[in-house]
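Notes for the structure review
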Amino acid sequence: LQLATDINADGYIILTDGGGIWKNFGKEDAAEMALATPEYLLGTKAGKNFPGSMGPKIEAAIKFVQDSKNPNAWAAIGDLRDAAKIMSNEEGTIIREENVPGGVV
């Protein structure tokens, strides 16, 4: 995270063994978010129930986007096997400040 911030990277990718961020995780209507804003994730406390796994990843992604000097900075979280698809937003979750209808898609 620090290196990405220090070099003013456009994006920051966190690859996991469990995919992106899920809306309503553990519920019948659960779905992986394609796009989300830091504000939405903070407001819903996404990942807070999973402090040993997704919580720190979500916090790092939010911090990168919010701390970046680049107004178009983005972060992504997704499964290692889906790295190429994460870049095209076919898999995983992309976190960015703008162009996210309602804060989440």
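Read on for a plain summary of the structure.

**Observations regarding the overall build of the protein**
Across its full length, the protein carries four helices and six strands. When the helices and strands of the protein are placed in sequence order, the string is α-β-β-β-β-α-α-β-α-β. Taking 105 residues into account, the globule formula puts the C-alpha radius of gyration at 13 Å, and the protein, at 13 Å, falls close to it. Principal-axis analysis of the C-alpha atoms gives the protein an extent of 40 × 30 × 25 Å. The buried share among the 105 residues of the protein stands at 39%. Long-range contacts, defined here as pairs at least 24 residues apart, represent 65% of the contacts in the protein between residues at least 6 apart. Accessible surface, the protein as shown: approximately 6,200 Å² in total, 52% of it carbon and sulfur. Of note, the protein has its 10 positive side-chain charges centred 5 Å away from the centre of its 15 negative side-chain charges.

**Description of the pattern of salt bridges**
Tallying each qualifying case throughout the model produces two salt bridges. Two residues, Asp67 and Lys63, come together in a salt bridge whose shortest N-O distance is 2.6 Å. With Asp67 and Lys63 both in helix H3 (residues 54-67) and four residues apart, this pair spans about one turn of that helix. In this structure, the salt-bridge partner of Arg81 is Asp79, at a minimum N-O distance of 2.9 Å.

**A closer look at the side chain of Thr93**
Within the fold, Thr93 resides in strand E6 (residues 93-96). Residue Thr93 is classed as buried on the basis of its relative accessible area of 0%. At 2.6 Å, the side chain of Thr93 and the backbone oxygen of Met33 are in polar contact. Leave out the neighbours within four places in its chain, and Thr93 touches Gly20, Ile21, Glu32, Met33, Ala34, Ala75, Ala76 and Ile77.

**Comments concerning the packing of aromatic side chains**
Summed over all chains, the structure comprises one aromatic pair. An angle of 35° between the planes, with centres 5.5 Å apart, marks the rings of Tyr12 and Phe64 as tilted. Of this pair, Tyr12 sits in strand E1 (residues 11-16) while Phe64 sits in helix H3, and the two are 52 residues apart along the sequence. Relative accessible area serves as the criterion here: at 16%, Tyr12 is assigned to the buried category. Phe64 gets classed as buried once you look at its relative accessible area, which sits at 1%.

Quick notes on the rules
Residues numbered from 1 in each chain as written. Predicted model: local features only at pLDDT ≥ 70, side-chain atom pairs only at ≥ 80, totals over all residues. Heavy atoms only, no water. Helix = DSSP H or I, 4+ residues; strand = E, 2+ residues; numbered from the N terminus. Rg over C-alpha atoms; globule rule 2.2 N^0.38 Å. Buried < 20%, exposed > 50% of the residue type's maximum accessible area, 1.4 Å probe, protein only. Contact = heavy atoms within 4.5 Å. Areas by Shrake-Rupley, 256 points an atom, 1.4 Å probe, with all protein chains shown as cover. Lys, Arg positive; Asp, Glu negative; His and termini not counted. Charge placed at Lys NZ, Arg CZ, Asp CG, Glu CD. Salt bridge = Lys/Arg side-chain N within 4 Å of Asp/Glu carboxyl O. Polar contact = N/O pair within 3.5 Å; in protein donor to acceptor, adjacent residues only side chain to side chain. Phe/Tyr/Trp six-rings, centres within 6.5 Å; stacked < 30°, edge-to-face > 60°.

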